[in-house]
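Each chain, written out:
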Amino acid sequence: MTFLNALWIVPILCVLIFVHELGHFVMARRAGVRVEEFGFGLPPRIWGIKRGDTVYSINALPIGGFVRVLGEDGKSAAPDSMQSKSAGQRASFLVAGSAMNLITAIVLMALLIGVQGRSSDNVYVVDVVAGSPASDAGWQSGDRFVQIDGTNVEDSEDVSRLTSQNAGRETTVILDRQGESVTTTITPRENPPAGQGRTGITLSAAPLATIHVDDVPDGSLAAEAGLQAGDTIQAVDSQPVVDYLSYALALRNHAGQTVQLEVERAGAPVTLALDVPADLPVDREPLGADLTQQLHFQRVGLIDLPVETGRTFVSTMRQMGAGLMSLVRGDTSLGDVAGPIGMGQLTSEVISRSSMPLWVTLTNLTIILSLNLALLNLLPLPALDGGRLLFVLIEVLRGGKRVPPEKEGVVHFVGLMLLLTAMFLIAFVDINRIISGSSFLE
């Protein structure tokens with residue numbers, strides 16, 4: 001881990017938490033609640049100035065900020081306290097922080113798409129279950145989806161959506177197989193077996209990209225094949241490499257065979273003979289080389305920018321929701337969860353491996369972390385905004401009868417202790433990961 005790259009997480013978290021607290025500050029003011037302190041960073045206080053009823057402070061720990069409002073602890077019922085406000089006003093105050101993080105992410109998405117353009121995904125068949133509709137239709141590993149029922153396929157969600165819409169109905173699917181268009185007919189199942197999906201395939205998507213060889217470790221299959229750092233992978237057995245999956249799946253589907261690996265080296269074409277092992281790994285780069293992807297982008301006009309930003313936002317939120325559900329179900333181990341220390345490691349690894357300009361990489365990280373902050377704070381857990389929002393909802397369901405502040409306070413205190421314990425355990429895992437040399441990206 002490069003220490004200086006890891007430090008980028010500090011300003012990112014500072015900005016995101018500060019923006020989050022700014023949302024609470026603005027909504028408190030709009031509701032007529034007295035804000036006792038609006039602090040940048042966490043105590044102890046270094047400097048502060050009072051304007052009206054509010055102390056604006058700069059604090060020693062430069063991580064985010066905080067808003068302290070009158071009556072938030074339930075000890076004041078003054079007209080300008082939080083306790084005196086309606087359920088709707090208190091709910092708006094609690095939601096405002098996450099709303100600001102969502103807005104921040106959307107604005108940054110629009111900026112990236114407007115300046116850089118949008119990437120295009122290719123969606124591939126990875127595995128086909130024997131006896132499934134996909135097997136009967138002749139689908140093969142490595143096939144790329146082009147159209148389903150006359151609709152162009154742009155991402156993996158399109159495949160899931162279109163096959164669901166056509167369940168029980170004969171559907172035309174156009175695939176690209178090694179550069180040739182293949183038209184197939186399939187009837188997606190209405191009640192598929194568990195874990196097989198409507199067509200009986202596993203699929204994956206990869207952005208359109210040029211694949212460069214960054215490093216070739218000694219003793220790797222890549223070294224045996226004659227690959228060199230700086231090579232650009234062009235084709236596998238005359239099959240063009242247009243993204244990472246087209247390269248990886250082509251190798252996997254030629255396991256146990258000899259293939260011609262076409263690369264560009266110093267501007268000249270070079271063909272290498274490669275004996276592909278029968279037990280080629282599927283969970284990492286097949287040849288053991290360190291590769292980088294130079295993504296291809298398409299310009300997006302101002303008219304299309306809002307639609308494209310919305311599509312990207314919805315797609316990202318769905319992926320994050322799936323990840324969150326995986327964590328709730330216990331499918332994700334504690335080793336895959338990161339606290340601030342782990343975020344620093346992840347930031348360093350992403351920066352060191354990204355072929356994008358630094359500002360693009362940092363902006364993408366900021367978007368993901370901003371959305372994470374928004375979602376996590378709205379979880380209905382004690383001490384979080386979502387936990388406090390749950391008590392407001394209980395009040396509404398009880399016809400306006402509030403849970404006594406002292407009882408609610410005990411719940412949040414216990415939740416805070418559990419949260420701090422979880423943060424300590426995650427920090428321990430983060431430190432152990434760094435000491436052991438483990439990586440998030442492998």
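Keep in mind it's a predicted model, so treat the numbers as computed, not measured.

A.B. asks: Would you mind showing me how to read the overall build of the protein here?
C.D. replies: Per the secondary structure count, the protein includes 12 helices and 16 strands. Judged by the C-alpha coordinates and their principal axes, the protein covers about 80 × 50 × 45 Å. In the protein, the proportion of contacts linking residues at least 24 apart, taken out of those at least 6 apart, comes to 64%. A total of about 22900 Å² of accessible surface is found on the protein, and carbon and sulfur atoms cover 59% of it. Between the mean site of the 31 positive side-chain charges and the mean site of the 45 negative ones, the protein shows a separation of 16 Å.

A.B. asks: Honestly, the nonpolar core in this entry has me stumped. Any pointers?
C.D. replies: Here is a general trend for soluble globular proteins: nonpolar side chains tend to be buried in one another's company. Core analysis: the biggest nonpolar cluster contains 23 residues, and L227, I233, V236, Y247, L251, L261 and L287 have the highest contact counts within it. Put simply, the parts of the chain that give this core at least two residues each are β10 (209–215), α6 (221–225), β11 (232–236), α7 (244–252), β13 (258–265) and β14 (268–275). At four residues, α7 tops the list of elements feeding residues into this core. Those residues within four positions of L261 in sequence are excluded, and the remaining contacts are L227, I233, A235, V236, V270, T271, L272 and L287.

A.B. asks: How should I be thinking about the packing of aromatic side chains in this particular structure?
C.D. replies: The description of an aromatic ring pair rests on the distance of the ring centres and on the angle between the ring planes. One pass over the structure, following the stated rule, counts six aromatic pairs. Arranged with centres 4.7 Å apart and planes meeting at 20°, the rings of F25 and F38 form a pair that is stacked. One end of the pair, F25, is in helix α2 (residues 9–30); the other, F38, is in strand β1 (residues 35–51), and 13 residues separate them in sequence. Given a relative accessible area of 8%, F38 falls into the buried group. Linked through ring pairs, F18, F25, F38, F40 and Y56 together constitute an aromatic cluster.

A.B. asks: Sorry if this is basic, but what is going on with the packing of helix α3 (residues 87–116) against helix α10 (residues 358–377) here?
C.D. replies: Two numbers describe a pair of packed helices, the interaxial angle and the distance between the axes. Put simply, α3 and α10 touch, their axes get as near as 8 Å, and they point 155° apart. Regarding the angle of α3 to α10, the classification is roughly antiparallel. Of the two elements, α3 crosses α10, and the hand of that crossing is left-handed. Contacts between α3 and α10 involve S98, N101, L102, T104, A105, L108, M109, L112, V115 and Q116 on the former and, on the latter, W359, V360, T363, N364, T366, I367, S370, L371, L373, A374 and N377. For the contact of α3 with α10, the residue count by class is 12 nonpolar, nine polar and no charged.

About the criteria used
Residues numbered from 1 in each chain as written. Predicted model: local features only at pLDDT ≥ 70, side-chain atom pairs only at ≥ 80, totals over all residues. Heavy atoms only, no water. Helix = DSSP H or I, 4+ residues; strand = E, 2+ residues; numbered from the N terminus. Contact = heavy atoms within 4.5 Å. Areas by Shrake-Rupley, 256 points an atom, 1.4 Å probe, with all protein chains shown as cover. Lys, Arg positive; Asp, Glu negative; His and termini not counted. Charge placed at Lys NZ, Arg CZ, Asp CG, Glu CD. Core = buried A, V, L, I, M, F, W, Y, C linked by side-chain atoms within 4.5 Å. Buried < 20%, exposed > 50% of the residue type's maximum accessible area, 1.4 Å probe, protein only. Phe/Tyr/Trp six-rings, centres within 6.5 Å; stacked < 30°, edge-to-face > 60°. Axes fitted to C-alpha atoms, helices over the stretch in contact; angles between N-to-C directions. Parallel < 35°, antiparallel > 145°, perpendicular 65-115°, else oblique. Left-handed = near helix turned anticlockwise from the far one by under 90°. Nonpolar A, V, L, I, M, F, W, Y, C, P; charged D, E, K, R; others polar.

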